[in-house]
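Chain by chain, the residues:
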Amino acid sequence: MSGVAVHVALDHYLELIGDGDEQGAIDVAAALLDSGMPAQQVISDLIGAAQRRVGELWASNEWGVAREHAATAVSERVLAAVGARTAVPATRGRITLACVDGEWHGLPARMLAEMLRLDGWRVDFLGASVPGRHLITHLHQTGPDAVALSCMIPTRLPRAHAAITACRAAGIPVIAGGRGFGPDGRYARLLGADAWAATGEEAVARLADDWPPPYVADHPGTFLGDEEYTHLVRSRPQLITCAMDRLPAVYPEAHHYDQAQIDATAEDIGHIADFLAAALYVGDEAIFTDFVEWTAEVLSSRGVPPGALRVGLRLVRDQLVDFPMAIKMIDSAVAGLPR
Ligand code: B12
């Protein structure tokens, strides 16, 4: 199957999932398999590529949330259908795969689960948002050769850290993945993961060729989550309430907000607090500045001017008088916003 043909199939597949056409989408995947494309490639180059396009369509407001949800639900079914076509004996060993606590992107992890299964692993897929203590109980019950942890959103990094530490303390090496761990997996290393892979294919190769990795003890000086992080997390509810109370005084348009707009604004301020907390936790302001840049784009495609985001950031900043790192991060982010 040529690259051009995959491209054509991808465009068609995207149309089908955007239309909620489950059978049509399964037929496209089946045709690729029939043409000789390996199942792992169908998963990454068709389903994965389409899901990334879905993300762009959602971010640019061309697709609404309902259409994204429906398309993702179809992709989940297609993935199951692709997996069901190929039985592979489990000869390599056993892997527990989970999304970190509060991480609801279950599909990327499920894609990895199928790829590993196709490569001969027995995979215990625990799904989205797995609380750390339940993950550890599962490890004690099953004794896997590896834990694969997925984190797509950096706000979940503190929980990922807790999970990585607990898995390693239980003697099971951790491979981390998902865009939440940073562009080159830099936060996976910082948080003590034994390995990191950018894609499902890379994870399959790493686990097949080079596992378990040699044990490296945690760096004793590693200190994450300073005082500012702790205070910010504790004061999150008041931070949002206070910002919402002050909003109409500094942004008169908010007087005319309906309930949905009020809820969306409170949610956005919550995201500001969460991304700021994650940036403080790992000591990297890029987490926050990237988030603000991304939010400005998402809001602008919904007709919300950058001024509104500046107001939200200022309302949070004004409450953080004793937080020099947080203030520095907010100021850098504001400086990067379009005028
Ligand atoms: C579908 C979707 C959702 C669904 C998920 C449903 C489900 N069952 O998965 C729902 C609606 C729940 C959702 C929610 C949110 N989402 Co969302 N979502 C997506 C979307 C469109 C597709 C996800 C997907 O399936 N990707 C497909 C796979 C193939 O992506 P991939 O990264 O290439 O995956 C590979 C690697 O990551 C790696 N990998 C993944 N896990 C692991 C684990 C290990 C161990 C290893 C080694 C490798 C590995 O292997 C994968 C396969 O090769 C993405 C867009 C995107 N680009 O991914 C946004 C996206 C991830 N979401 C985003 C956002 C912002 C959110 C929300 C915050 C939205 C909101 N305002 O509430 C929430 C957060 C929820 C939470 N706390 O988890 C943003 C994140 C941006 C950012 N700044 O980080 C994205 C990028 C959308 C965008 N274009 O902006 N989302």
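Residues numbered from 1 in each chain as written. Predicted model: local features only at pLDDT ≥ 70, side-chain atom pairs only at ≥ 80, totals over all residues. Heavy atoms only, no water.

Draft legend 1. Highlighting the overall build of the chain. The helix and strand inventory of the chain stands at 15 helices and 5 strands. Scaling as 2.2 N^0.38, a compact globule of 339 residues should have a C-alpha radius of gyration of about 20 Å, and the chain matches this with 22 Å. The principal-axis extents of the C-alpha atoms in the chain amount to approximately 65 × 50 × 30 Å. Restricting the contact set of the chain to residue pairs at least 6 apart, pairs at least 24 apart contribute 73%. Counting every atom, the chain has about 16,400 Å² of accessible surface; 55% of that belongs to carbon and sulfur. Averaging the locations of the 27 positively and 43 negatively charged side chains of the chain gives two centres separated by 4 Å. (Helix = DSSP H or I, 4+ residues; strand = E, 2+ residues; numbered from the N terminus. Rg over C-alpha atoms; globule rule 2.2 N^0.38 Å. Contact = heavy atoms within 4.5 Å. Areas by Shrake-Rupley, 256 points an atom, 1.4 Å probe, with all protein chains shown as cover. Lys, Arg positive; Asp, Glu negative; His and termini not counted. Charge placed at Lys NZ, Arg CZ, Asp CG, Glu CD.)

Draft legend 2. Region of interest: helix α2 (residues 22-34). Taking 1.5 Å of rise per residue, the 13 residues of α2 would be expected to cover 18 Å, and the 18 Å separating its terminal C-alpha atoms lies within 8% of that figure. Of all the residues in α2, the buried ones are G24, A25, I26, V28, A29, A30, L32 and L33. Just beyond α2, the residue with positive phi is G36, at close to 105 degrees. (Expected span 1.5 Å × (residues − 1). Buried < 20%, exposed > 50% of the residue type's maximum accessible area, 1.4 Å probe, protein only.)

Draft legend 3. Representation of the coordination of the cobalt atom of the ligand. Looking at the protein side alone, the cobalt atom of the ligand has one donor only, H105 (NE2), at 2.2 Å. Along the polypeptide, H105 turns up in the loop between β1 (93-100) and α5 (106-118). (Donors = N, O, S within 2.8 Å, 3.2 Å for Na, K, Ca; no water.)

Draft legend 4. Broad picture of the site of the ligand. Residues in contact with the ligand amount to 38 residues; listed here are only the nearest, R52, W104, H105, S150 and W294. In this structure, G102 approaches the ligand through a main-chain N or O atom, which is 3.0 Å from a nitrogen atom. Between the ligand and the protein, one listed contact pairs an oxygen atom with a backbone N or O atom of G106 at 3.0 Å. Of all the secondary structure elements, the ones that give two or more residues to the shell around the ligand are α3 (39-59), α4 (65-84), α5, β3 (146-150), β4 (174-177), α9 (200-209) and α12 (259-282). Here the shell around the ligand takes 6 residues from α3, the largest share from any one element. (Near = heavy atom within 4 Å. Polar contact = N/O pair within 3.5 Å; in protein donor to acceptor, adjacent residues only side chain to side chain.)

Draft legend 5. Geometry of the nonpolar core. Counting 63 residues, the largest nonpolar core has L149, F181, L191, L276, F288 and L320 as its most contacted members. When residues of this core are sorted by domain, at least three fall in each of domain 2 (93-209) and domain 3 (227-335). Setting aside anything within four residues of it in sequence, one finds L320 in contact with L232, L239, L276, A326, I327 and I330. Membership of the second largest hydrophobic core comes to 50 residues, among which are L10, V78, C99 and L112. (Core = buried A, V, L, I, M, F, W, Y, C linked by side-chain atoms within 4.5 Å. Domains from an automatic or database assignment.)

Draft legend 6. Inspection of the sheet that holds β1 at higher detail. The 5 strands are arranged β2-β1-β3-β4-β5 in an open sheet whose pairing can be described as parallel. This sheet does not close on itself; its edge strands, each paired only once, are β2 (121-130) and β5 (195-196). Across 7 bridges, β1 lies against β2 in parallel orientation. Bridging across to β2, A98 finds its partner in G127. Those strands touched by α5 are β1, β2 and β3, and its axis lies near 175 degrees from that of β2. (Pairing = 2+ DSSP bridges. Axes fitted to C-alpha atoms, helices over the stretch in contact; angles between N-to-C directions.)

Draft legend 7. Fine view of the side chain of D194. With respect to the helices and strands, D194 occurs in the loop between α8 (186-190) and β5. Among the residues examined, D194 registers a relative accessible area of 17% and is labelled buried. Here R168 takes part through its side chain, which lies 2.6 Å from a polar atom of the side chain of D194. In this structure the side chain of D194 is engaged in a polar contact, spanning 2.8 Å, whose partner is the backbone nitrogen of V174. Contacts of D194, omitting those with residues within four sequence positions, involve R168, P173, V174, R206 and P213.

Distances and angles like these do not, on their own, reveal function.
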